[in-house]
Amino acid sequence: MKFSSPVYNIISVPIEKIEPNTYNPNSVAPPELKLLYDSIKEDGYTMPIVCYYDSEKDLYIIVDGFHRYRIMLDYQDIYEREGGKLPVSVIDKPIDCRMASTIRHNRARGSHDVDLMSNIISELHELGRSDAWISKHLGMDKDEILRLKQITGLTALFKEVEFGRAWKAIETGKVDICESERQLLAQKILDGTL
């Protein structure tokens, strides 16, 4: 028999027939959970929940996707829009293999490269996106945005801002600033006035 990946057989399952597993060690911080909500609100569910079907209980047990499931439980607007149903991809494996699968799914997501994220912040700035826009759409706080801007070089990102004599551009494209000017700039960024 030819192998067919479960993703080719997505089914629509009422959330009441889905339950979390008891072993997932993954957790998501509140800012990332809010970003997941924003993502689902803006884009809909783009990835199915991966489940095992327990025929004795007539329930789908989550292998991967607990936080996508939780968004529907926690946000009535998402529940109503989706008709209380989630897209589910079913795998049929024993519990030990499901546990391993959960961990693989969690760890395979990786993390963001700081330099690449800095470049994205720089490109969004060049496209005219404000720090407030970046914060809202990428789920970043102002401190994180400031740190990523600093990595790409302050001169390019703040070229239209007038600074005092304490700022001095050098050949490398970076800047030499005194502490008071740096604090003032950082505060303006945090306040959203820059």
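Residues numbered from 1 in each chain as written. Predicted model: local features only at pLDDT ≥ 70, side-chain atom pairs only at ≥ 80, totals over all residues. Heavy atoms only, no water.

K.L.:
Sorry if this is basic, but what is going on with the nonpolar core here?
P.N.:
Nonpolar side chains tend to gather and get buried jointly when the protein is soluble and globular. Counting residues in each nonpolar core, the largest one holds 17 residues, and the members touching the most others are Ile18, Tyr45, Cys51, Ile71, Leu86 and Val88. For this core, the elements supplying multiple residues, two or more each, are helix H1 (30-43), strand E3 (49-54), strand E4 (59-64), helix H2 (66-74) and strand E5 (85-90). Valine 88 has contacts with Asn9, Ile10, Ile11, Val13, Ile18, Pro48, Ile49, Cys51 and Tyr60, leaving out every residue within four places of it along the chain. Counting 7 residues, the second largest nonpolar core, distinct from the first, contains Met117, Ile121, Met140 and Leu148. (Core = buried A, V, L, I, M, F, W, Y, C linked by side-chain atoms within 4.5 Å. Buried < 20%, exposed > 50% of the residue type's maximum accessible area, 1.4 Å probe, protein only. Helix = DSSP H or I, 4+ residues; strand = E, 2+ residues; numbered from the N terminus. Contact = heavy atoms within 4.5 Å.)

K.L.:
Just checking my understanding: could you explain helix H7 (residues 142-152) for this structure?
P.N.:
Structurally, the α-helix is built with 3.6 residues per turn, so residues lying three or four positions apart point the same way. Along H7, the residues that are buried comprise Ile145, Leu146, Leu148 and Lys149. What you see down the axis of H7 is that its buried residues fit within an arc of 165°, all on one side. Two or three places before aspartate 143, at the opening of H7, aspartate 141 has a side-chain oxygen 3.2 Å from that residue's backbone nitrogen. (Arc of directions from axis to C-beta. Polar contact = N/O pair within 3.5 Å; in protein donor to acceptor, adjacent residues only side chain to side chain.)

K.L.:
I would appreciate a short explanation of the side chain of arginine 98 in the present structure.
P.N.:
The topology assignment puts arginine 98 in helix H4 (residues 95-108). Summary of buried charges: arginine 98 has no salt-bridge partner, and the nearest side chain of opposite charge, aspartate 92, is 6.3 Å away. (Lys, Arg positive; Asp, Glu negative; His and termini not counted. Salt bridge = Lys/Arg side-chain N within 4 Å of Asp/Glu carboxyl O.)

K.L.:
What exactly am I supposed to notice about H2 here?
P.N.:
Those residues of H2 that sit buried are His67, Arg68, Tyr69, Ile71 and Met72. Contacts from the buried residues of H2 go to strand E2 (18-19), H1, E3, E4, helix H3 (76-81) and E5.

K.L.:
How should the pairing of E4 be read in this particular structure?
P.N.:
A regular strand carries its side chains on alternate faces of the sheet. Burial analysis of E4 places 6 of its 6 residues in the buried class, the great majority of the element. As defined by bridge partners, E2 adjoins E4 across 2 bridges and the pair is classed as parallel. When the sheet's bridge partners are listed, glutamate 19 is paired in E4 with isoleucine 61. As paired elements, E3 and E4 share 5 bridges and run antiparallel to each other. (Pairing = 2+ DSSP bridges.)

K.L.:
Got a minute to help me understand a nonpolar patch on the surface in this structure?
P.N.:
Taken together, Val7, Tyr8 and Ile10 make up a surface patch of nonpolar side chains, about 320 Å² in accessible area. Among the structural elements, valine 7 can be located in the segment before strand E1 (11-14). (Patch = residues over 30% accessible without salt bridge, like charges linked within 9 Å, V, L, I, M, F, W, Y side chains within 5 Å. Areas by Shrake-Rupley, 256 points an atom, 1.4 Å probe, with all protein chains shown as cover.)

K.L.:
I tried to follow a negative patch on the surface on my own but got confused; where do I start?
P.N.:
Taken together, the side chains of Glu32, Asp141, Asp143 and Glu144 present a region of like negative charge at the surface. Counting through the fold element by element, aspartate 143 comes out in helix H7. Given a relative accessible area of 36%, aspartate 143 falls into the partly exposed group. (Charge placed at Lys NZ, Arg CZ, Asp CG, Glu CD.)

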